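# Descriptive analysis of the structure
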Amino acid sequence: MKNFKKALVLLLVAALSVTLFCGCESTEEKMAALSGTWTMVMPDTAEQAQILLDNIELYPEEIALVDLNSLEQVKSVTFDFGHYSFGYDVDGTLDCVRRFYLAAFDAMYEGRATLSNSYDADIANMTREEFNQFYAELYTAADFDTLIELFVDNAYDTDALAEPFETGTYTIKGNALMCTITGESKAESLPYEIEGNTLTLHFSNLDETYTR
(Lines give C-alpha, C1' and ligand atoms only; values in the text may rest on other atoms or scores of the structure.)
Protein backbone atom coordinates (compact mmCIF):
# COMPACT_ATOMS: atom_id res chain seq x y z
CA MET A 1 0.00 0.00 0.00
CA LYS A 2 2.83 2.42 0.84
CA ASN A 3 4.46 1.72 -2.51
CA PHE A 4 1.14 2.34 -4.26
CA LYS A 5 0.70 5.72 -2.54
CA LYS A 6 4.28 6.67 -3.34
CA ALA A 7 3.76 5.77 -7.01
CA LEU A 8 0.52 7.75 -7.11
CA VAL A 9 2.21 10.85 -5.68
CA LEU A 10 5.03 10.57 -8.21
CA LEU A 11 2.50 10.21 -11.02
CA LEU A 12 0.62 13.32 -9.90
CA VAL A 13 3.85 15.33 -9.64
CA ALA A 14 4.86 14.22 -13.12
CA ALA A 15 1.45 15.14 -14.54
CA LEU A 16 1.59 18.57 -12.91
CA SER A 17 5.08 19.18 -14.29
CA VAL A 18 3.95 18.33 -17.80
CA THR A 19 0.95 20.65 -17.45
CA LEU A 20 3.10 23.53 -16.26
CA PHE A 21 5.70 22.91 -18.97
CA CYS A 22 3.09 22.82 -21.72
CA GLY A 23 1.41 25.97 -20.42
CA CYS A 24 4.55 28.07 -20.71
CA GLU A 25 5.33 29.68 -24.04
CA SER A 26 8.90 29.54 -25.22
CA THR A 27 10.72 32.73 -26.12
CA GLU A 28 10.46 31.77 -29.78
CA GLU A 29 6.68 31.37 -29.47
CA LYS A 30 6.38 34.75 -27.76
CA MET A 31 8.49 36.33 -30.49
CA ALA A 32 6.25 34.78 -33.14
CA ALA A 33 3.07 35.99 -31.41
CA LEU A 34 4.47 39.53 -31.26
CA SER A 35 5.90 39.59 -34.79
CA GLY A 36 4.27 41.93 -37.29
CA THR A 37 2.83 45.43 -37.40
CA TRP A 38 0.28 46.70 -34.89
CA THR A 39 -1.61 50.00 -35.20
CA MET A 40 -3.44 52.37 -32.86
CA VAL A 41 -5.71 55.32 -33.65
CA MET A 42 -4.91 58.16 -31.26
CA PRO A 43 -5.76 61.88 -30.90
CA ASP A 44 -3.49 64.39 -32.57
CA THR A 45 -2.96 67.85 -31.10
CA ALA A 46 -5.07 70.97 -31.55
CA GLU A 47 -1.86 72.68 -32.64
CA GLN A 48 -1.46 70.23 -35.52
CA ALA A 49 -5.10 70.69 -36.48
CA GLN A 50 -4.53 74.44 -36.56
CA ILE A 51 -1.53 73.93 -38.84
CA LEU A 52 -3.59 71.86 -41.28
CA LEU A 53 -6.25 74.55 -41.45
CA ASP A 54 -3.67 77.31 -41.79
CA ASN A 55 -2.12 75.34 -44.66
CA ILE A 56 -5.33 75.68 -46.67
CA GLU A 57 -5.52 79.37 -45.75
CA LEU A 58 -8.90 79.41 -44.04
CA TYR A 59 -9.98 82.66 -42.41
CA PRO A 60 -10.05 82.85 -38.58
CA GLU A 61 -13.87 82.95 -38.65
CA GLU A 62 -13.88 79.71 -40.64
CA ILE A 63 -11.40 78.04 -38.29
CA ALA A 64 -13.47 79.17 -35.30
CA LEU A 65 -16.24 76.81 -36.44
CA VAL A 66 -13.98 73.74 -36.50
CA ASP A 67 -13.33 71.36 -33.59
CA LEU A 68 -9.53 71.45 -33.35
CA ASN A 69 -9.58 68.43 -31.04
CA SER A 70 -11.12 66.15 -33.67
CA LEU A 71 -7.91 65.39 -35.58
CA GLU A 72 -6.53 61.86 -35.16
CA GLN A 73 -3.45 59.96 -36.32
CA VAL A 74 -2.52 56.28 -36.59
CA LYS A 75 0.57 55.17 -34.69
CA SER A 76 2.23 51.86 -35.50
CA VAL A 77 4.74 49.52 -33.90
CA THR A 78 6.49 46.72 -35.77
CA PHE A 79 8.27 43.76 -34.17
CA ASP A 80 10.61 41.63 -36.26
CA PHE A 81 12.21 38.89 -34.12
CA GLY A 82 14.49 41.02 -31.97
CA HIS A 83 14.05 44.40 -33.67
CA TYR A 84 11.28 46.95 -33.22
CA SER A 85 10.26 50.32 -34.62
CA PHE A 86 7.64 52.90 -33.69
CA GLY A 87 6.24 55.16 -36.38
CA TYR A 88 3.06 56.23 -38.12
CA ASP A 89 0.82 54.30 -40.46
CA VAL A 90 0.84 56.65 -43.44
CA ASP A 91 -2.38 55.53 -45.15
CA GLY A 92 -4.26 55.37 -41.85
CA THR A 93 -3.07 58.83 -40.82
CA LEU A 94 -4.03 60.33 -44.19
CA ASP A 95 -7.50 58.78 -43.80
CA CYS A 96 -7.72 60.60 -40.45
CA VAL A 97 -6.74 63.86 -42.17
CA ARG A 98 -9.40 63.27 -44.82
CA ARG A 99 -12.07 62.78 -42.14
CA PHE A 100 -10.86 65.90 -40.35
CA TYR A 101 -11.15 68.10 -43.44
CA LEU A 102 -14.58 66.69 -44.29
CA ALA A 103 -15.76 67.32 -40.71
CA ALA A 104 -14.29 70.83 -40.88
CA PHE A 105 -16.36 71.69 -43.94
CA ASP A 106 -19.42 70.09 -42.35
CA ALA A 107 -18.96 72.44 -39.40
CA MET A 108 -18.38 75.40 -41.69
CA TYR A 109 -21.57 74.63 -43.58
CA GLU A 110 -23.57 74.40 -40.36
CA GLY A 111 -22.16 77.78 -39.28
CA ARG A 112 -22.23 79.34 -42.76
CA ALA A 113 -24.44 82.22 -41.61
CA THR A 114 -21.34 83.71 -39.96
CA LEU A 115 -19.24 83.51 -43.14
CA SER A 116 -21.05 85.77 -45.60
CA ASN A 117 -18.96 88.77 -44.55
CA SER A 118 -15.76 86.87 -45.41
CA TYR A 119 -16.58 86.56 -49.10
CA ASP A 120 -18.48 88.46 -51.72
CA ALA A 121 -21.14 85.74 -51.78
CA ASP A 122 -24.40 84.91 -50.04
CA ILE A 123 -22.97 81.86 -48.25
CA ALA A 124 -25.69 81.91 -45.60
CA ASN A 125 -28.36 80.92 -48.13
CA MET A 126 -26.36 78.32 -50.05
CA THR A 127 -27.44 74.70 -50.28
CA ARG A 128 -24.80 72.12 -49.39
CA GLU A 129 -24.17 71.43 -53.06
CA GLU A 130 -23.73 75.15 -53.75
CA PHE A 131 -21.50 75.50 -50.70
CA ASN A 132 -19.24 72.65 -51.81
CA GLN A 133 -19.04 73.98 -55.35
CA PHE A 134 -18.27 77.48 -54.07
CA TYR A 135 -15.21 76.24 -52.19
CA ALA A 136 -14.12 74.00 -55.06
CA GLU A 137 -14.15 76.99 -57.41
CA LEU A 138 -12.47 79.17 -54.78
CA TYR A 139 -9.48 76.81 -54.82
CA THR A 140 -9.80 76.16 -58.59
CA ALA A 141 -10.50 72.46 -58.07
CA ALA A 142 -12.66 70.46 -60.47
CA ASP A 143 -15.11 69.54 -57.71
CA PHE A 144 -15.36 69.26 -53.93
CA ASP A 145 -14.05 65.67 -53.73
CA THR A 146 -11.00 66.68 -55.76
CA LEU A 147 -10.49 69.63 -53.42
CA ILE A 148 -10.46 67.40 -50.31
CA GLU A 149 -7.97 65.01 -51.91
CA LEU A 150 -5.77 67.99 -52.82
CA PHE A 151 -5.79 69.08 -49.17
CA VAL A 152 -4.96 65.55 -48.00
CA ASP A 153 -2.14 65.14 -50.51
CA ASN A 154 -0.52 68.33 -49.26
CA ALA A 155 -1.13 67.85 -45.55
CA TYR A 156 2.15 66.05 -44.78
CA ASP A 157 5.49 65.17 -46.25
CA THR A 158 4.61 61.50 -46.64
CA ASP A 159 8.26 60.42 -47.00
CA ALA A 160 9.06 62.02 -43.65
CA LEU A 161 5.87 60.62 -42.12
CA ALA A 162 6.90 57.11 -43.17
CA GLU A 163 10.19 57.32 -41.27
CA PRO A 164 10.09 55.61 -37.83
CA PHE A 165 10.60 57.91 -34.86
CA GLU A 166 12.11 55.17 -32.67
CA THR A 167 13.91 51.94 -33.46
CA GLY A 168 15.79 49.44 -31.37
CA THR A 169 16.27 45.85 -30.35
CA TYR A 170 14.41 43.78 -27.78
CA THR A 171 14.40 40.52 -25.91
CA ILE A 172 11.55 39.01 -23.94
CA LYS A 173 11.82 38.39 -20.21
CA GLY A 174 8.70 36.92 -18.69
CA ASN A 175 5.83 39.27 -19.53
CA ALA A 176 8.06 42.22 -20.41
CA LEU A 177 10.02 43.43 -23.40
CA MET A 178 13.57 44.46 -22.66
CA CYS A 179 13.94 47.27 -25.19
CA THR A 180 17.21 48.97 -26.13
CA ILE A 181 16.76 52.12 -28.22
CA THR A 182 19.13 52.47 -31.17
CA GLY A 183 22.21 54.36 -30.05
CA GLU A 184 21.72 53.56 -26.37
CA SER A 185 23.13 50.74 -24.26
CA LYS A 186 20.69 50.45 -21.37
CA ALA A 187 17.66 48.20 -21.84
CA GLU A 188 14.32 49.35 -20.42
CA SER A 189 11.57 47.00 -19.29
CA LEU A 190 8.24 47.39 -21.08
CA PRO A 191 5.49 45.09 -19.74
CA TYR A 192 3.08 43.87 -22.38
CA GLU A 193 0.24 41.46 -23.02
CA ILE A 194 -1.42 39.99 -26.09
CA GLU A 195 -5.06 38.99 -26.14
CA GLY A 196 -6.32 37.83 -29.51
CA ASN A 197 -5.51 40.57 -32.01
CA THR A 198 -4.90 43.16 -29.29
CA LEU A 199 -1.49 44.19 -27.95
CA THR A 200 -1.24 46.36 -24.84
CA LEU A 201 2.05 48.06 -23.95
CA HIS A 202 2.27 49.26 -20.35
CA PHE A 203 4.44 52.37 -20.27
CA SER A 204 5.25 54.01 -16.93
CA ASN A 205 2.69 56.79 -17.41
CA LEU A 206 0.12 55.27 -19.78
CA ASP A 207 -1.08 52.17 -21.59
CA GLU A 208 -1.18 51.94 -25.39
CA THR A 209 -3.48 49.42 -27.06
CA TYR A 210 -2.76 48.30 -30.62
CA THR A 211 -4.57 45.93 -32.97
CA ARG A 212 -3.77 44.12 -36.19
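Before reading on, note that the structure itself is shown above.
In this text the structure is predicted, and so the values were computed from the model without any measurement. (Residues numbered from 1 in each chain as written. Predicted model: local features only at pLDDT ≥ 70, side-chain atom pairs only at ≥ 80, totals over all residues. Heavy atoms only, no water.)

## Quick notes on the pairing of strand E3 (residues 83-88)
What counts here: Criterion used throughout: strands pair if DSSP finds at least two bridges between them. Strands are runs of DSSP state E lasting at least 2 residues, helices are runs of H or I lasting at least 4, and numbering of each runs from the N terminus.
As paired elements, strand E2 (residues 72-79) and E3 share five bridges and run antiparallel to each other. Each bridged residue has a counterpart across the sheet, and for Phe79 the counterpart in E3 is Tyr84. Counted between consecutive antiparallel strands, the loop separating E2 from E3 contains three residues, among which Phe81 sits at a positive phi close to 45°. The pairing of E3 with strand E4 (residues 166-173) spans four bridges and is antiparallel. Pairing of His83 across the sheet is with Thr169, part of E4.

## Some thoughts on the nonpolar core
Note on soluble globular proteins: their nonpolar side chains tend to be buried together. Threshold: We define the nonpolar core as a collection of buried residues of types Ala, Val, Leu, Ile, Met, Phe, Trp, Tyr and Cys that are connected through side-chain atoms lying within 4.5 Å of one another. Buried residues are those whose accessible area, probed at 1.4 Å on protein chains only, stays under 20% of the maximum for their type, while exposed residues exceed 50% and partly exposed ones sit between those limits. Note on definitions: a residue-residue contact is assigned when non-hydrogen atoms from the two residues lie within 4.5 Å.
If you look at the biggest cluster of nonpolar residues, it comprises 33 residues, and the most contacted ones within it are Leu53, Tyr101 and Tyr135. The element that contributes the greatest number of residues to this core is helix H5 (residues 90-110), accounting for nine residues. Not counting chain neighbours up to four residues away, the residues in contact with Tyr135 comprise Glu62, Phe105, Met108, Leu115, Tyr119 and Leu147. Ranked by size, the runner-up nonpolar core spans 17 residues in total, among them Trp38, Phe79, Tyr84 and Cys179.

## Details of the side chain of Ser118
Topologically, Ser118 is positioned in the loop between H5 and helix H6 (128-138). Other than its neighbours up to four places away in sequence, Ser118 contacts Tyr59 and Glu61.

## Considerations on the packing of aromatic side chains
Test applied: Only Phe, Tyr and Trp rings take part, Trp by its six-membered ring, and two of them pair if their centres are within 6.5 Å. Stacked means planes under 30 degrees apart, edge-to-face means over 60, and tilted covers everything else. Only Lys NZ and Arg CZ are tested; either one counts as a charge over a ring when it is within 6 Å of the ring centre and within 35 degrees of the ring normal.
Under the defined criterion, the tally for this structure stands at 17 aromatic pairs. Consider the rings of Phe79 and Tyr170, whose centres lie 5.4 Å apart with planes at 80°: the pair is edge-to-face. Pair noted here: Phe79 is in strand E2 and Tyr170 is in strand E4, with a separation of 91 residues, a long-range link. For the pair Phe79 and Tyr170, a shared accessibility class is recorded, and that class is buried. A connected cluster of aromatic rings, assembled from ring pairs, spans Tyr59, Phe100, Tyr101, Phe105, Tyr109, Tyr119, Phe131, Phe134, Tyr135, Tyr139, Phe144 and Phe151. Across from the ring centre of Tyr109, 3.9 Å away, lies the NZ or CZ of Arg112, which sits over that ring.

## Remarks on the environment of Tyr156
As for its placement among the helices and strands, Tyr156 is situated in the loop between helix H7 (144-153) and helix H8 (158-161). We classify Tyr156 as buried; its relative accessible area is 19%. The spacing of Tyr156 and Val97 is 59 residues in sequence and 9.5 Å in space, taken between C-alpha atoms. Residues contacting Tyr156, with those up to four places away along its chain left out, are Asp44, Gln48, Leu52, Leu71, Thr93, Leu94, Val97 and Leu161.

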